[in-house]
Amino acid sequence: MWWNPEDTDDWLERLESRSLARLLAEAEALSLVGQGTVVSYSRKVFIPLTKLCRDVCHYCTFARQPAELPSPYLELDEVLALAREGERAGCREALFTLGDRPEARYSAARNWLEQRGYASTMEYLAAAAALVLKETSLLPHLNPGLMSAADYAALRPHAASMGLMLESVSERLCDKGMPHYGSPDKAPEARLETVRLAGEARVPFTTGLLIGIGETRRERVEGLLAIRDLHGRYGHIQEVIIQNFRAKADTLMRHAGDLSLDEHLWTIAAARLILGPDMTLQAPPNLQPGELARLVRAGINDWGGVSPVTPDHVNPEAPWPHLVKLETETEAAGRHLRQRLAIGPAFVRDVARWADPVLHTRIRRAVDTRGLPREVDWHPGTGAPAPDMLPSVVTGRDPQIAVALGLAEQGEELSRGQIARLFTAEGRDFDAVCRLADEMRADRVGETVTHVINRNINYTNICLYRCGFCAFSKGSTKSERGPAYNIDHAEIARRVVEARARGATEVCLQGGIHPTYDGTTYRGIVAAVKAAVPEMHVHAFSPLEVHHGATTLGLSYEDYLADLKRAGLATLPGTAAEILSDDVRQLICPDKIMTNDWLAVMRAAHRVGLKSTATIMFGHVDTYEHWATHLLRIRALQQETGGFTEFVPLPFVHMEAPNWRRGETRSGPSWREAVLMHAVARIALDGAIANIQASWVKLGPDGAAVMLQAGANDLGGVLMDESITRAAGGANGQVFDVRQMRALARSIGRPLRERSTVYATPAHLLDYAD
């Protein structure tokens, strides 16, 4: 037996001792904990590869006899035509549904396959899915019935996910006179073994119950417990469908009554309570028209596949709801309708484990950090305009976000989980996060938008390190993605003098780790700047460069930084932070300094009196939990040293990044995530770091303007030269002058003020200070 009978007794007693209203309330609360206010769906095209089946389920209208069909199978050109029609309609999933091993029953199926060189339906399915994967942007999801370990091995390279409805664990339903009589593939043991083997094969899997076909509540609970235990063992169940039976004409069960709505709700609530908050629960929206809000109340958070181009071949009497109507009804239930892929978001977030390598690039490039498709076609650094964020009509709120915002408003520090939850904000929750961040900005630093007049000097792009995201560095003096260079002290001095003549108060100096550089190199660069323009503020050297300089001279970080300070170094840029979690760093920059090294350099700098900035580079292989951890580590060091002057979110610019080109990363954060990073940083760092900077280089001017209304207060520098983002494909330019900054600030009704590197009034403005 696949479940513990004592568990069945306990759960049945618990469920039946509660009123339906209480069950629904508990289920909805649990759903909100695990899923928030999003209800997902997959825009799919339905591809009925064959309607022949060796089974004779008494409720099925999908299966046909050979004489009823023009051909036993769809030809490959027919498959591709359907897929392309779906692609044109905006579908992302190709759902292959077919009868179970028809060649075991029908000579017509065997002959058709043999004539085309296929040994089985499974082999033909693999060829059809491979064709769709090759010729379209769709991700196949396969529902071919019972599968063996060999079937999974053959199909996995061609499909993002697969599925098989468990339907029921009741052996009674296979007895004579019952709906599964004469259908060998409906034997519960065989179906449970197929679900188990999917876990062994690491296939994201969809399963569920078909209820109202003669099973009891006890048998439903037993089915849910079997699913729970299999998922607990393998972690592979991406969604569980609770599908209600509807009687169909021309079937043996045409006179059976439809399942009542209350029974459907009871079973959905039972599934939510048994399977827990993190499981995706699905109910087909076309089988309970007009009742979607009640399904949501019961714990549903997914509508499954909905097709704008093909009918529901399994339930042809129940047409799909129009997507606009589905969105309207979902919003009326207090939820946000969001499209998903054929592979569920939790599995997308661990795609290296759950999908064949052939699929990794396509999946990663389609999604945001949650694992859901990007909502708008905006990417950092591309020069695309900031998307319009329309006011939400959804009244539903995430209770956990409301609690976190309430605590933050009272001055409480948020936990890692609370900060991560803020990054999931949608609709009115999103508005509330941005509003609180903007209020905090106004309270802490006022209405003025600040900037510094500076120049970037990247003195070499030759680097010993192999950071996967870096398109700027060159591995040697050979030309790779553009010429390598290493400018001398005279050229550095010339650029410093030129910068001063153009009004700069700061030069920011960073570069690759050149194989000839040691600790004296960086001291020499500082000396060259101070000799050229003694009053110039030297903002230089990432923690990686400091680490390199100190270790090549055999000095501690503090001793080396003290030496640089005596030479004229004034502050450090907080770059090379990327994500302060070693599991991420091992993926994107494995030979670079790790988290504790970065923090140690910054701690040492602050101890010797050198202030610094802090950054985050986000939107590649990281998660919301990583972002939260990063913010908390920055906050903890700031509480210890007080040395950070500002926090700078740097969205990953993907276009020329080597690891993106290899298909190893996502395509930068989504617009929603970029806005939330600035807002959540303001909230999470409140009381620790006063200044949040918006990078016009990454975001563009109109993007930066949005961030200035969502917690940010600073535009950074005019730069005069910018090489690193430009090398990654950035299109927002190298200079953003004071006139442009003033126009930007004026566009949002705010004044602009020049600042020094450490947020003081520059010396040349002291006589004119506000």
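Preceding this section is the structure that the text describes.
**Section: the overall build of the protein chain**
On a plain count of helices and strands, the protein chain comes out with 29 helices and 18 strands. Along the longest, intermediate and shortest principal axes, the C-alpha atoms of the protein chain span 95 × 55 × 45 Å. Buried residues in the protein chain amount to 61% of all 770 residues. Across the protein chain, every contact between residues at least 6 apart in sequence was considered, and the portion connecting residues at least 24 apart equals 77%. For the protein chain, the exposed surface amounts to about 28,400 Å²; the carbon and sulfur share of it is 51%. Counting 85 positive and 95 negative side-chain charges, the protein chain places the centres of these two groups 3 Å from one another.

**Quick look at the sheet that holds strand S15 (residues 611–618)**
Taken in spatial order, the six strands make up an open sheet running S11-S12-S13-S14-S15-S16, and their pairing is parallel. Each of the sheet's edge strands pairs with one partner strand only, and the pair in question is strand S11 (454–458) and strand S16 (644–651). Taking the axes of each pair of neighbouring strands and ignoring which way they run, one obtains an average angle of 25° across the sheet. Here helix H23 (residues 595–607) sits on the sheet and contacts strand S14 (569–572), S15 and S16; the angle it forms with S15, its principal contact strand, is near 160°.

**Notes on helix H7 (residues 188–200)**
With 13 residues, H7 extends 18 Å from end C-alpha to end C-alpha; this agrees with the ideal 18 Å at 1.5 Å per step. All buried positions along H7 are accounted for by Pro-188, Arg-191, Leu-192, Thr-194, Val-195, Arg-196, Leu-197, Ala-198 and Gly-199. Immediately beyond the C-terminal end of H7, within one or two residues, lies Arg-202, with a positive phi of roughly 55°.

**A closer look at the sheet that holds strand S18 (residues 752–754)**
By definition, the strands of a sheet pair up through backbone hydrogen bonds, in either a parallel or an antiparallel sense. Read across the sheet, three strands follow the order S17-S10-S18 without closing on themselves; strand pairing throughout is parallel. The outermost strands of the open sheet, each flanked by one partner alone, are strand S17 (714–717) and S18. The average angle at which neighbouring strand axes cross in this sheet is 20°, direction not considered. For strand S10 (residues 449–452) and S17, the ladder comprises two bridges, and the chain directions are parallel. Looking at the pairing, Thr-450 lines up with Asp-714 of S17.

**Structural notes on the packing of helix H1 (residues 5–16) against helix H8 (residues 217–234)**
The relative placement of two packed helices comes down to the angle between their axes together with the axis-to-axis distance. Where H1 contacts H8, the two axes come as close as 10 Å, and the packing angle between them is 120°. Considering the angle they form, H1 stands oblique to H8. Between H1 and H8 lies a crossing whose hand is right-handed. Contacts from Asp-7, Thr-8, Asp-9, Trp-11, Leu-12, Leu-15 and Glu-16 of H1 reach H8 at Arg-217, Arg-218, Val-221, Glu-222, Leu-225 and Arg-228.

Conventions used here
Residues numbered from 1 in each chain as written. Predicted model: local features only at pLDDT ≥ 70, side-chain atom pairs only at ≥ 80, totals over all residues. Heavy atoms only, no water. Helix = DSSP H or I, 4+ residues; strand = E, 2+ residues; numbered from the N terminus. Buried < 20%, exposed > 50% of the residue type's maximum accessible area, 1.4 Å probe, protein only. Contact = heavy atoms within 4.5 Å. Areas by Shrake-Rupley, 256 points an atom, 1.4 Å probe, with all protein chains shown as cover. Lys, Arg positive; Asp, Glu negative; His and termini not counted. Charge placed at Lys NZ, Arg CZ, Asp CG, Glu CD. Pairing = 2+ DSSP bridges. Axes fitted to C-alpha atoms, helices over the stretch in contact; angles between N-to-C directions. Expected span 1.5 Å × (residues − 1). Parallel < 35°, antiparallel > 145°, perpendicular 65-115°, else oblique. Left-handed = near helix turned anticlockwise from the far one by under 90°.

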